[in-house]
Structure formats: structure tokens, C-alpha cells
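What follows is the residue order along each chain.
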Amino acid sequence: INMPVMSGEEMIGRMREDPEMKDIPVIVVSTEGSKACIERLERMGAIFIHKPFTAEIVRDAIKDILGL
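A brief structural summary. (Residues numbered from 1 in each chain as written. Predicted model: local features only at pLDDT ≥ 70, side-chain atom pairs only at ≥ 80, totals over all residues. Heavy atoms only, no water.)

Overview of the overall build of the chain
Consideration 1: For the chain, the helix and strand inventory stands at three helices and two strands.
Consideration 2: When the helices and strands of the chain are listed from N to C terminus, the series reads α-β-α-β-α.
Consideration 3: On the principal axes, the C-alpha backbone points of the chain span a range of 30 × 25 × 20 Å.
Consideration 4: The buried share among the 68 residues of the chain stands at 25%.
Consideration 5: Sequence-distant contacts, at least 24 apart, represent 32% of the contacts inside the chain between residues at least 6 apart.
Consideration 6: Summed over all atoms, the accessible surface of the chain reaches about 4,900 Å², with 57% contributed by carbon and sulfur.
Consideration 7: The centroid of the 9 positive side-chain charges in the chain is displaced by 3 Å from the centroid of its 12 negative side-chain charges. (Helix = DSSP H or I, 4+ residues; strand = E, 2+ residues; numbered from the N terminus. Buried < 20%, exposed > 50% of the residue type's maximum accessible area, 1.4 Å probe, protein only. Contact = heavy atoms within 4.5 Å. Areas by Shrake-Rupley, 256 points an atom, 1.4 Å probe, with all protein chains shown as cover. Lys, Arg positive; Asp, Glu negative; His and termini not counted. Charge placed at Lys NZ, Arg CZ, Asp CG, Glu CD.)

Written as C-alpha cells, this is what we have:
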């Protein structure tokens with residue numbers, strides 16, 4: 001979410017506007033606690049994972065993306 005040059009939210013927005021990148025799945029891993037921010041990211045199609053996390057949480061998010 002907090003990155004140099006642009007925010008993670010802005011990066012996802014730009015990805016969604018680009019025909020070649022609009023369907024790329026996004027998993028955001030962050031300590032972000034703002035419910036409003038998390039909801040905005042999810043509306044943009046991102047899966048949100050809170051830090052700290054386990055390997056199983058990441059595995060399950062990837063399985064969801066792949067439809068497994």
C-alpha cells in the first residue's frame with residue numbers, strides 16, 4: 001500500500017485500466033488497518049492478507065485465485 005512513487009491502490013487502479021494487465025490477480029500483503037482502505041482494495045479485485053500471516057493463508061488465497 002505504501003510504496004515509493006505511487007501507492008499500491010494507485011498501482012492496482014492503473015493495472016485495471018490497462019487491457020493487458022486488467023485481469024492479473026493481485027494479492028496485497030500489508031499491516032494496513034483501515035477498513036475503508038481494505039474495502040476499496042477489495043472492490044478493485046484485490047485479495048487482502050493481513051500481516052503477520054501464515055503460509056497456509058497465502059496458499060489458500062492462491063488456490064482461490066486459481067479456482068482450486
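Points about the nonpolar core
Consideration 1: One finds Ile 1, Ile 12, Met 15, Val 26, Val 28, Cys 37, Ile 38, Leu 41, Ala 46 and Phe 48 forming the largest nonpolar core, which totals ten residues.
Consideration 2: For this core, the secondary structure elements donating two or more residues are helix H1 (8-17) and helix H2 (35-43).
Consideration 3: For this core, the element with the most residues is H2, which contributes three residues. (Core = buried A, V, L, I, M, F, W, Y, C linked by side-chain atoms within 4.5 Å.)

Structural notes on H2
Since the α-helix packs 3.6 residues into each turn, any two residues three or four apart lie on the same face.
Consideration 1: Those residues of H2 lying buried are Cys 37, Ile 38 and Leu 41. In a view along the axis of H2, the buried residues occupy a sector of 100°, so they form one face of it. Across H2 from its buried face, at more than 90 degrees, point the exposed residues Lys 35 and Arg 43.
Consideration 2: Of the surrounding elements, those touching the buried residues of H2 are H1, strand S1 (27-30) and strand S2 (47-50).
Consideration 3: Phi turns positive one or two residues past the end of H2, at Gly 45, with a value near 95°. (Arc of directions from axis to C-beta.)

Looking at unusual backbone geometry
Consideration 1: Note that the residue after Lys 51, namely Pro 52, is joined by a cis bond; omega there is -10°.
Consideration 2: Following the sequence through the fold, Pro 52 ends up in the loop between S2 and helix H3 (55-66).
Consideration 3: Of note, the phi angle at Val 5 is positive, near 75°, even though the residue is not glycine.
Consideration 4: In this structure, Val 5 sits in the segment before H1.

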